[in-house]
Amino acid sequence: MSEKKCFTDSGIEINKVYYAAPTTEQKEIPGEFPYTRGVQPDMYRGKLWTMRQYAGFSTAEESNKRYHFLLSQGVMGLSVAFDLPTQIGYDSDHSLSEGEVGKVGVAIDSLEDMETLFSGINLEQVSTSMTINSTGFILLAFYVALAKKQGADLKKISGTIQNDILKEYAARGTYIYPPKPSMRIITDIFEWCAKEVPKWNTISISGYHIREAGSTAVQEIAFTLSNGKAYVQAALAKGLDINVFGKRLSFFFNAHNNLFEEVAKFRAARRMWATMMKDLGATDEKAMMLRFHTQTGGATLTAQQPLNNICRVTIQTLSAVLGGTQSLHTNGYDEALSLPTEDAARVALRTQQIVAFESGASDTVDPLAGSYFVESLTNEIEAKALALIAKMDAMGGSVSAIESGFMQDEIARSAYEYQRNIESGEKIIVGVNKFQVKETNTIPGFKIDDSIRTIQSDKLKELRSKRDQEKVTMLLQAIENTARSTENLMPIVVEAVENLCTLGEISDALRRVYGEYK
């Protein structure tokens, strides 16, 4: 009888037993290059990861209530979800916004909405992450304009805009402009933030959505780090200092159920990025450190037996913590059915708190280091991911790999393989293709009312009636002119939002210059 073979979800064969791996003899030290064992010498003994729950829905008023609830429950940082029209640059009253306003996130049309969203929240005292890409520069402008109104010191405000457009072309689809002008906007943000808001993370290079689209763990880090390299090269071509902007690059990864593969993936990614940045010319240690946020895997949640998702999220939380994450969002058990209810959001946060304060996982740095299995897996993931990056480099890098459809095809192939394995029963998903029960769903759904669009449209009507229209027209024209020049776009965009230009109007000004990517 032939011996059973086991594989990780990336297809790496798992040996029956592991013996000492080479890295255990190299005596890598946490907080030192190449940071395999973590970016801090004492990791969570010094400071826990930021517990950052992702939330946003309906109107700014409703989302503001949820933020206050999460802060009262012990959340350490906010993470804003925006609705689809906000993500692709349409005001709520635009015809293409119909049916989508406030659905998958909060609707933000103007500086006034941003004020409402953060009402009663001091921007100097909270770190805010915003999952926004094509319109990331406008949301950052709203946030900065609001901080100025609050009298905050811009040198002290901290947070992150996702701002990773390459993965939008490859996996997620919320792009507006073609790749080249999109990259120009991103490097403008790098340059402007270095001077004006130095503590702001100007990009969160995201593997999360690549994984959600069906990639393997190996593809997730290969494609993400390759995209990261493209952003660094674009910034260097603009003449920016890698030791300055490099410190403000952050990453965003997914955490799935294959515990050991996920831990090894995080360790390998740190080592690979440190070496890449060194090769690109970084000499400052902080510019070589891969700092990352993790979110538990949305695609792993099941609508069947949804309470099982609490267990899945716990395993994923452990993988992120054992892998050395800097901040973490845990999904609600009901998110395969709807936006999370308050109860589900609380359980998700409590999962992080129990791991932090009761499991002992945070008591020592890189607890799985020296495990023959984990060290060997770290090496194998790194080798496979580097081979994939080399293949894309030969094509001319990430932008070329995306334009030729290579990245998209690789993800689609992996997604197909994974689904085929579930349908054949080779991959067991508890409650889905095995251990099923007859179900009656008693989980309360979280529904968004379609009247949100009317509310937002009325606000826009009032806003347009009271602002200085002549000034608005002048500023929108100035944005177009700046886009045609080599000047930095951010100062004029900040001035425009301060004078109540809307998100849709600013996006349209750039559409007139750059066109839309099809």
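Here the structure is a predicted model, which is why all the values come from computation and not from measurement.

A. Here's a closer look at the overall build of the protein. Scanning the protein from N- to C-terminus turns up 20 helices and 11 strands. Its C-alpha radius of gyration of 23 Å places the protein within 12% of the 24 Å reference for a compact globule of 518 residues. Reported as C-alpha extents along the three principal axes, the dimensions of the protein are approximately 80 × 60 × 45 Å. Counting over 518 residues, the protein shows a buried share of 57%. Counted over contacts in the protein with a minimum sequence separation of 6, partners at least 24 positions apart contribute 79%.

B. Spotlight on the layout of surface pockets. Approximately 1,200 Å³ is the volume found for the largest pocket. Around the largest pocket sit 43 residues that line it, and D9, Y418, N421, I422 and K427 are the ones nearest its centre. At the level of elements, β1 (6-7), α7 (208-212), α8 (217-237), α12 (308-322) and α16 (406-424) are the ones that each hand at least two residues to the lining of the largest pocket. Among the elements that take part in the lining of the largest pocket, α16 stands out by supplying 9 residues, more than any other.

C. Focus on helix α20 (residues 503-514). Spanning 12 residues, α20 covers 16 Å between terminal C-alpha atoms, matching the ideal 16 Å at 1.5 Å per step. With 9 of 12 residues buried, α20 is to be regarded as a mostly interior element. In this fold, the buried residues of α20 make contact with α2 (84-87), α4 (136-150), α6 (179-196), α17 (452-466), α18 (469-484) and α19 (490-498). Phi turns positive one or two residues past the end of α20, at G515, with a value near 75°.

D. Seen up close, the pattern of salt bridges. Under the counting rule described, the total for this entry stands at 33 salt bridges. For D188, the salt bridge identified is with K238, shortest N-O distance 2.6 Å. One end of the pair, D188, is in helix α6; the other, K238, is in the loop between α8 and α9 (242-245), and 50 residues separate them in sequence. Residue classification places K238 among the partly exposed residues on the basis of a relative accessible area of 30%.

E. Layout of the sheet that holds strand β8 (residues 203-206). Reading across the sheet, the 9 strands line up as β7-β6-β5-β4-β3-β11-β10-β9-β8 and stay open at both edges, with parallel pairing between neighbours. Across the chains shown, the open sheet's two edge strands, defined by having one partner strand only, are β7 (200-201) and β8. Relative to strand β5 (residues 127-131), strand β4 (residues 77-81) runs parallel, the two sharing 5 bridges. Note on β5: the bridge partner recorded for V80 is M130. Sheet strands in contact with helix α13 (residues 342-358) are β3 (50-55) and β11 (327-329), and its direction is about 165° off that of β3.

F. How the structure looks around the environment of N64. Its location among the elements puts N64 in helix α1 (residues 60-72). Taking relative accessible area as the criterion, N64 reaches 10% and is therefore assigned buried. Sequence separation of N64 and S206 is 142 residues, and the distance between their C-alpha atoms is 26 Å. Excluding anything up to four places from it in sequence, N64 contacts T116, L117, F118, S119 and I121. From its side chain, N64 meets the backbone oxygen of S119 in a polar contact 3.0 Å long.

G. Representation of the nonpolar core within the structure. Ranked by internal contacts, the top residues of the largest apolar core, which has 136 residues, are M114, F118, M130, I479 and I506. Ranked by residue count, the leading element in this core is α4, at 11 residues. Once you skip the residues sitting within four places of it in the chain, M114 turns out to touch I108, M130, L139, F142, Y143 and L146. F57, V101, A107 and I448 belong to the second largest nonpolar core, which has 5 residues in total.

H. Geometry of unusual backbone geometry. Residues F33 and P34 are joined by a peptide bond in cis, for which omega reads 5°. Mapped onto the fold, P34 is located in the loop between β2 (13-14) and β3. Even without being a glycine, Q305 presents a positive backbone phi close to 45°. Locating Q305 in the fold gives a position in the loop between β10 (292-296) and α12. Despite not being glycine, D366 has its phi angle at roughly 50°, a positive value. Mapped onto the elements, D366 comes out in the loop between α13 and α14 (372-395). Classification of D366 as buried rests on a relative accessible area of 7%.

I. Broad picture of the pairing of β8. The alternating pattern of β8 places I203 and I205 on one face and S204 and S206 on the opposite face, and all of these are buried. Here 4 bridges tie β8 to strand β9 (residues 249-255), and the two strands are oriented parallel to one another. Within β9, the residue paired with S204 across the bridge is S250.

J. Summary view of the packing of aromatic side chains. On inspection of all chains with the given rule, the structure shows 17 aromatic pairs. Plain terms: the ring middles of Y44 and W49 are 5.0 Å apart, the flat faces sit at 75° to each other, and that makes the pair edge-to-face. Pairwise contacts between aromatic rings join F251, F253, F266, W273 and F292 into one cluster. The positively charged end of K278 is found above the aromatic ring belonging to F33, 4.3 Å away from the centroid.

About the criteria used
- Residues numbered from 1 in each chain as written.
- Predicted model: local features only at pLDDT ≥ 70, side-chain atom pairs only at ≥ 80, totals over all residues.
- Heavy atoms only, no water.
- Helix = DSSP H or I, 4+ residues; strand = E, 2+ residues; numbered from the N terminus.
- Rg over C-alpha atoms; globule rule 2.2 N^0.38 Å.
- Buried < 20%, exposed > 50% of the residue type's maximum accessible area, 1.4 Å probe, protein only.
- Contact = heavy atoms within 4.5 Å.
- 1 Å grid on protein atoms, 1.4 Å probe; cavity = no way out; pocket = protein on both sides within 12 Å on 5 of 7 lines; lining within 4 Å.
- Points joined across faces, edges and corners; volume = space filled by probe spheres on them.
- Expected span 1.5 Å × (residues − 1).
- Salt bridge = Lys/Arg side-chain N within 4 Å of Asp/Glu carboxyl O.
- Pairing = 2+ DSSP bridges.
- Axes fitted to C-alpha atoms, helices over the stretch in contact; angles between N-to-C directions.
- Polar contact = N/O pair within 3.5 Å; in protein donor to acceptor, adjacent residues only side chain to side chain.
- Core = buried A, V, L, I, M, F, W, Y, C linked by side-chain atoms within 4.5 Å.
- Phe/Tyr/Trp six-rings, centres within 6.5 Å; stacked < 30°, edge-to-face > 60°.
- Lys NZ or Arg CZ within 6 Å of the ring centre and 35° of its normal.

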